[in-house]
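Structural overview
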Amino acid sequence: MSSQPLSLTTDTPRAQPRFLARRWTLIAVALATFMTYLDNNIINVAIPTIERSLHLSQSGVEWVVSAYILVFAGLLLAGGRLADVFGQKHLFMTGLSIFTGASLLAGLVGQVDLLIASRALQGLGAALVTPTTLAILSATYPEPKERARAVGAWSAVGAVALAAGPLLGGVLSQHVNWHWIFFINVPVGIATLSLGTRSIPAVQKPARRRIDTQGVSTSAAALMTLTYALIEGPQIGWTSPTIIAAVAATLVAAFSFVSIERRAEDPMIDLSLFANRTFTGATIALMLWAFGLFGIYFFTSLYLQQVLRFSATTAGVAFVPMAILMAFGAGVSDRVAARFGSHRTVGSAMALMGAGIISISLLGAHATFADLMPSMAIIGIGGGLTIPLTATILDSMPVDRAGVASGVFNASREVAGLLGITVIGVILRARQTSEIQAGHPAITAFLSGYRLGLVVAGILVSSGGIAAWLALRNLPTNTRATEEPARATASHNSSAVAVANPA
């Protein structure tokens, strides 16, 4: 496929003005992103209601949550490759159709097995949609300045989803019906399908390429077994035969993937890209960012409900100011980066996030809603200002590899987020156990472990700021593979990674 910017002609008989077509494309991509990010966390606060309604066992509860994450994280790289082979718009529409249909099915079912299967199907749809979002934006906005603004808007929508998930999950499960946490996706999905059909650019057919089935299958196997081990390890024990087998399978699949990619004529990922300081530093920064934010997000929900005794709705509301400020930070991040430099902006923003996370550890069992807000505000502003890393990396992303590059970005974020939940959970439980053995009350023991986990997460996020600073330092501005032929030739088989807020 040519690495020239994609055509902005649409499927409608009357082509829209260029700026309007771009805007509608951005809205379509943002809506799809909102849905998939929302589904990552909307179910968390609704789980107690679902558990009572379906009389779930502990295993059933875990898999209602985990089935989505397992398939989503496991197939992200494969989804990115398929987008590059079959076309971004085609895979976007296919994945969105699957996701919308699976959401309807999940809302209709009344049996745990069918609900778990529906969640897995949602994960499949999300894994096909998600890698195309940044790729479509990268192609639709070839100019670096406009692209930075579009990525900021895209990231702001993700921040809104971050807040809307717990809030909607709490309100719908507490005051309406838990089925509506899935039904809510259906009208949005149908509207996005209609908008995407009309507005997302119709592009030339991608150049004929091999799907690299061996690379796809081994990458999916490695990610799925790793995700399974991270999900189940805390429950059944890290030394259990099942977890040991899962870790062994992950290592075998990962080594096989590397070996296959080194020999492939048209590799899914050009592994030599990891020798690039910008790519490697950005990946490290992204993973440390997701590690800290996903981890504290999950356990802060427990802290709000189990220690501070907030209701599900109030706990959801507590995250709203953080997400609003994150959206605001994302909206102004391109201007801040233009003035102070991307490396200073992103590095300082991650340090600010780390400080905000650590500051929550200073709160105790009697904190109020107002006490939480300064820390939440610091985390939100810092999180929003990390967005220039996304735009900077997109500047050098070859268009014909944008799908798998976006897949790398999202897979790194999802796995790092799961790792954050797992590691912080291990720290929390270890400290909690020792405190209980020392005779402290259960809530005091939980709070001690939670605080230690926050400190670790804050330090790691701040370390990610150092990685981002080094990665973006002295990086040329306004460069793009499609705008520099020599660079495009040298990086034809490369992919890139970007940082954005989570789901």
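What counts and what doesn't
Residues numbered from 1 in each chain as written. Predicted model: local features only at pLDDT ≥ 70, side-chain atom pairs only at ≥ 80, totals over all residues. Heavy atoms only, no water. Helix = DSSP H or I, 4+ residues; strand = E, 2+ residues; numbered from the N terminus. Buried < 20%, exposed > 50% of the residue type's maximum accessible area, 1.4 Å probe, protein only. Contact = heavy atoms within 4.5 Å. Areas by Shrake-Rupley, 256 points an atom, 1.4 Å probe, with all protein chains shown as cover. Core = buried A, V, L, I, M, F, W, Y, C linked by side-chain atoms within 4.5 Å. Phe/Tyr/Trp six-rings, centres within 6.5 Å; stacked < 30°, edge-to-face > 60°. pLDDT = per-residue confidence, 0-100. Axes fitted to C-alpha atoms, helices over the stretch in contact; angles between N-to-C directions. Parallel < 35°, antiparallel > 145°, perpendicular 65-115°, else oblique. Left-handed = near helix turned anticlockwise from the far one by under 90°. Nonpolar A, V, L, I, M, F, W, Y, C, P; charged D, E, K, R; others polar. Patch = residues over 30% accessible without salt bridge, like charges linked within 9 Å, V, L, I, M, F, W, Y side chains within 5 Å. Salt bridge = Lys/Arg side-chain N within 4 Å of Asp/Glu carboxyl O.

Thoughts on the overall build of the chain
Summing up its helical and strand segments, the chain has 20 helices and zero strands in all. Relative to its full complement of 503 residues, the chain shows a buried share of 59%. When contacts within the chain are restricted to residue pairs at least 6 apart in sequence, those whose partners lie at least 24 apart make up 87%. Summed over its atoms, the accessible surface of the chain is roughly 19,300 Å², and 65% of this surface lies on carbon and sulfur atoms.

Here we look at the nonpolar core
Judged by nonpolar contacts, the single largest core of 107 residues is most densely connected at Ile50, Leu115, Tyr303, Leu304 and Tyr450. Setting aside residues no more than four positions away along its own chain, Tyr303 makes contact with Leu308, Leu363, Gly364, Ala367, Leu372, Phe446, Leu447 and Tyr450.

Thoughts on the packing of aromatic side chains
Tallying each qualifying case throughout the model produces six aromatic pairs. Between the aromatic rings of Tyr303 and Tyr450, the centroid separation amounts to 4.8 Å while the plane-to-plane angle is 20°, which identifies the pairing as stacked. Placement of Tyr303 in helix H12 (residues 277-307) and of Tyr450 in helix H19 (residues 442-472) is noted, with a sequence separation of 147 residues between them. When sorted by exposure, Tyr303 lands in the same class as Tyr450, which is buried. Ring centres of Phe446 and Tyr450 lie 6.2 Å apart, and the angle between their planes is 5°; on these two criteria the pair is classed as stacked. Of this pair, Phe446 and Tyr450 both sit in helix H19, four residues apart, which is roughly one turn of the helix.

Description of unusual backbone geometry
Of note, Arg309 is a non-glycine position whose phi angle comes to about 65°, a positive value. With respect to the element layout, Arg309 can be found in the loop between H12 and helix H13 (312-318). The exposure class assigned to Arg309 is exposed, which follows from its relative accessible area of 60%.

A word on the confidence of the model for the chain
Here the chain averages 77 in pLDDT, while 81% of its residues score no lower than 70. The secondary-structure element of the chain with the lowest mean pLDDT is helix H20 (residues 485-490), recorded at 34, while helix H5 (residues 88-108) shows the highest, at 92. Low pLDDT (under 50) marks residues 1-16, which in the prediction has 36 contacts with non-local residues, meaning those over four places away or in another chain. Within the model, the stretch residues 477-503 combines pLDDT values under 50 with 100 contacts to residues more than four positions away or in other chains.

Notes on the packing of helix H10 (residues 213-236) against helix H11 (residues 241-263)
Interhelical geometry of H10 versus H11 gives an angle of 155° and a closest axis separation of 8 Å. Here H11 runs roughly antiparallel to H10, going by the angle between their axes. The handedness of the crossing between H10 and H11 is left-handed. Residue composition of the contact of H10 with H11, grouped by class: 14 nonpolar, nine polar and two charged.

Details of a nonpolar patch on the surface
On the surface, a cluster of nonpolar side chains totalling about 310 Å² of accessible area is made up of Val247, Leu251 and Phe255. You can see Phe255 is positioned in helix H11. A residue is classified by how much of its surface remains accessible, and Phe255, at 61% relative accessible area, is exposed.

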